[in-house]
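# Residue-level structural notes
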Amino acid sequence: MLKKILIADDDPGIVDAVEMMLNFYGYDVSSTYDGRDALKLSGEELPDLFLLDIWMSGVDGRDICRQLKGNEHTRNIPVLMISASNDIDASARHAGADDFMTKPFDMQQLIDKIENLLDAQQSPAVSLA
């Protein structure tokens, strides 16, 4: 079964390029230019990973991330945040992001981060007790 990824970014160029690359790698990709759409998903609509831009028109991706991580139905879904600002990694992580990338980014690095997050999501935590 294909892993589902939701891209939320208000830059059509980024959305198109990333969507095309992720489709090529075998992911089921949906996208939106409004991050608030991520908050409207439920059940089977939920992705396996959220790829959120921090600076979107009219909404801060960190606020979306906080809401996703505060919701019992989406809190365990990895969130990878992206931004053209490279000095806000800490604020993205403080909002609950599982990882962060600065734009422009290398597509292979993006794929590697996505695969690592999805692999970590499927691997249960090992208890040493």
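Please read all numbers here as calculations on a predicted model, not as lab measurements.

With that settled, consider the environment of Leu49. Counting through the fold element by element, Leu49 comes out in strand β3 (residues 49-53). Classification of Leu49 as buried rests on a relative accessible area of 0%. The sequence separation of Leu49 and Lys103 amounts to 54 residues, and the corresponding C-alpha distance is 19 Å.

What follows covers the sheet that holds strand β7 (residues 99-102). The strand order β2-β1-β3-β6-β7 describes an open sheet built from 5 strands, whose pairing is parallel. Edge positions in the open sheet fall to β2 (28-32) and β7, since each of these has one partner strand only. Neighbour to neighbour, the strand axes of the sheet diverge by 20 degrees on average, direction disregarded. By the bridge criterion, 4 bridges tie strand β6 (residues 79-83) to β7 in an arrangement that is parallel. Within β7, the position partnered with Ile82 by the bridge is Met101.

Here is what the cut-offs are and how they apply
- Residues numbered from 1 in each chain as written.
- Predicted model: local features only at pLDDT ≥ 70, side-chain atom pairs only at ≥ 80, totals over all residues.
- Heavy atoms only, no water.
- Helix = DSSP H or I, 4+ residues; strand = E, 2+ residues; numbered from the N terminus.
- Buried < 20%, exposed > 50% of the residue type's maximum accessible area, 1.4 Å probe, protein only.
- Pairing = 2+ DSSP bridges.
- Axes fitted to C-alpha atoms, helices over the stretch in contact; angles between N-to-C directions.

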